[in-house]
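Residue-level listing of the chains:
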Amino acid sequence: MGRQSTRSLIKTIRSFILNLILSERRKGRKPILQVIIDLTTLEKVGKFPHLKDLVRVYNHKKGLHIVVLYLVIGNWRIPWNFRVYRGKDTPSPSQLALKLLNTLPSVLTKSFKIYVLGDTAFGTIQFIKKIRSDSFNHHGILGIPNTRTLTDGRKVSELKTRGQQVYLNGLNFPVFLSWVWLKRNGKRVKRFVISTKPMKGKTIIRWGKYRWQIEGFFKTAKHQFSLHRFGQKTLLGVYRWLILSFLSYILAYLTYLHNNNFDNLDWYDSAQQALVLLLPHILLLSLLRRLKLLKPWFYEHGLELCLVRCKM
């Protein structure tokens, strides 16, 4: 796959996805497009001198760290874009997230209300300011640390009422605060979530939980579509591997939706059906290769395998 063919593939995929998402448009009030941003680590062991300092330790995990932008509307679950985090003295995950938001086509931002969902890594003052600026004008439902302070000097951890309007230090507009209790290592931990749009406390929590959809995607992409199993010796090779992994996920998911079997999502079965339905020539070549390997076995048992083209 050459550089030009990679770009052509990305362009074709995005054009197709864009049409799918735009099919969700309705007359009247704009529907909400969830734009979920998160960082995941494709864990690696050993040395990777050919990738220079891209495989590094971050948050106690060694590997390639990527920030992914994931779109959710209706039944569609689409990985749209990603950026590699290169470490200290380079753009931070939240800054990479802003670059990813810039890749959203204007037809999407004009046709939908954009809700940006992210964890505390993306709850920085600079990130919140930027998504509310005129250049974006999106709303955010984002995690923030319990050490964040208000303009009156209090910490958010001191607040007692969910859904109340507060002013964070560094912001000149109000946000609305809530929290949720989670279990971590057998203990209950209090996580704070803010919304730039006025919402009740329970509503903020409900929207905050939608962010976890991307965690399910990461798990599926890694364990079903080998996202983390790249072995290429160049960054371009790694990019191509990630793109092919994302594409495999998308094709399998589209096949699942095409079959209208919403009760049970079997990723392996969906991937096999996508291969038969969308890429039959690749399946045929794979079968022919296996049959070629079995030729000696056929001869040993006095058998001969012949393929005959049929007139259709």
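In the nomenclature of an unreviewed UniProt entry, the chain is known as Transposase IS4-like domain-containing protein of Crocosphaera watsonii WH 0005.

Draft legend 1. Summary view of the packing of helix H7 (residues 235-258) against helix H8 (residues 267-278). For the pair H7 and H8, the least separation of the axes is 8 Å and the interaxial angle reads 90°. In terms of axis orientation, H7 runs roughly perpendicular to H8. From H7, Tyr249, Leu251, Ala252, Tyr253, Thr255, Tyr256 and His258 reach across to H8, where they touch Trp267, Ser270, Ala271, Gln273, Ala274, Leu277 and Leu278. For the contact of H7 with H8, the residue count by class is 10 nonpolar, 4 polar and no charged.

Draft legend 2. Representation of the environment of Gly46 within the structure. Tracing the sequence through the fold places Gly46 in the loop between strand E1 (32-43) and strand E2 (55-58). For Gly46, a relative accessible area of 41% corresponds to the partly exposed category. When the C-alpha positions of Gly46 and Lys130 are compared, they lie 38 Å apart, and in sequence the two are 84 residues distant.

Draft legend 3. Broad picture of the packing of aromatic side chains. Following the criterion strictly, the structure yields 18 aromatic pairs and no others. Judged by centre distance (5.7 Å) and plane angle (45°), the ring pair of Phe217 and Phe218 falls under tilted. On the accessibility criterion, Phe217 (2% relative accessible area) is buried. Judged by relative accessible area, which is 3%, Phe218 ranks as buried. Arranged with centres 5.7 Å apart and planes meeting at 35°, the rings of Tyr253 and Tyr256 form a pair that is tilted. Note that Tyr253 and Tyr256 are positioned in helix H7 at a spacing of 3 residues, about one turn of the helix. With relative accessibility at 10%, the residue Tyr256 sits in the buried group. Through successive ring pairs, a cluster of aromatic residues spans Tyr70, Phe82, Phe217, Phe218, Phe225, Tyr239, Phe246, Tyr249, Tyr253, Tyr256 and Trp267. Of note, Arg14 hangs over the ring of Trp80, and the distance from its end group to the ring centre comes to 5.4 Å.

Draft legend 4. Quick look at the packing of H8 against helix H9 (residues 280-293). For the pair H8 and H9, the least separation of the axes is 5 Å and the interaxial angle reads 100°. Taken together, the axes of H8 and H9 lie roughly perpendicular to each other. Every residue of H9 that contacts H8 at Leu275, Val276, Leu277 and Leu278 is listed here: Pro280, Ile282 and Leu283. Of the residues in the contact of H8 with H9, the class split is 7 nonpolar, no polar and no charged.

Draft legend 5. A look at helix H2 (residues 93-101). Burial of H2 is extensive: 7 of the 9 residues sit out of reach of the surface. Among the residues making up H2, those that are buried are Pro93, Ser94, Leu96, Ala97, Leu98, Leu100 and Leu101.

Draft legend 6. Summary view of a nonpolar patch on the surface. A cluster of nonpolar side chains, Leu284, Leu285, Leu288 and Leu307, forms an exposed patch at the surface whose accessible area comes to about 410 Å². Its location among the elements puts Leu288 in helix H9. The class for Leu288 is partly exposed, based on a relative accessible area of 33%.

Draft legend 7. Up close: the environment of Thr234. Along the chain, the position of Thr234 falls in the loop between helix H6 (213-223) and H7. A relative accessible area of 43% means that Thr234 is categorised as partly exposed. Sequence-wise, Thr234 and Lys219 are 15 residues apart; in three dimensions their C-alpha atoms are separated by 25 Å. Those residues in contact with Thr234 that sit more than four places away from it in its chain are His50 and Leu51. A distance of 3.0 Å separates a polar atom in the side chain of Thr234 from the backbone nitrogen of Gly237.

Reading the values: the criteria
- Residues numbered from 1 in each chain as written.
- Predicted model: local features only at pLDDT ≥ 70, side-chain atom pairs only at ≥ 80, totals over all residues.
- Heavy atoms only, no water.
- Axes fitted to C-alpha atoms, helices over the stretch in contact; angles between N-to-C directions.
- Helix = DSSP H or I, 4+ residues; strand = E, 2+ residues; numbered from the N terminus.
- Parallel < 35°, antiparallel > 145°, perpendicular 65-115°, else oblique.
- Contact = heavy atoms within 4.5 Å.
- Nonpolar A, V, L, I, M, F, W, Y, C, P; charged D, E, K, R; others polar.
- Buried < 20%, exposed > 50% of the residue type's maximum accessible area, 1.4 Å probe, protein only.
- Phe/Tyr/Trp six-rings, centres within 6.5 Å; stacked < 30°, edge-to-face > 60°.
- Lys NZ or Arg CZ within 6 Å of the ring centre and 35° of its normal.
- Patch = residues over 30% accessible without salt bridge, like charges linked within 9 Å, V, L, I, M, F, W, Y side chains within 5 Å.
- Areas by Shrake-Rupley, 256 points an atom, 1.4 Å probe, with all protein chains shown as cover.
- Salt bridge = Lys/Arg side-chain N within 4 Å of Asp/Glu carboxyl O.
- Polar contact = N/O pair within 3.5 Å; in protein donor to acceptor, adjacent residues only side chain to side chain.

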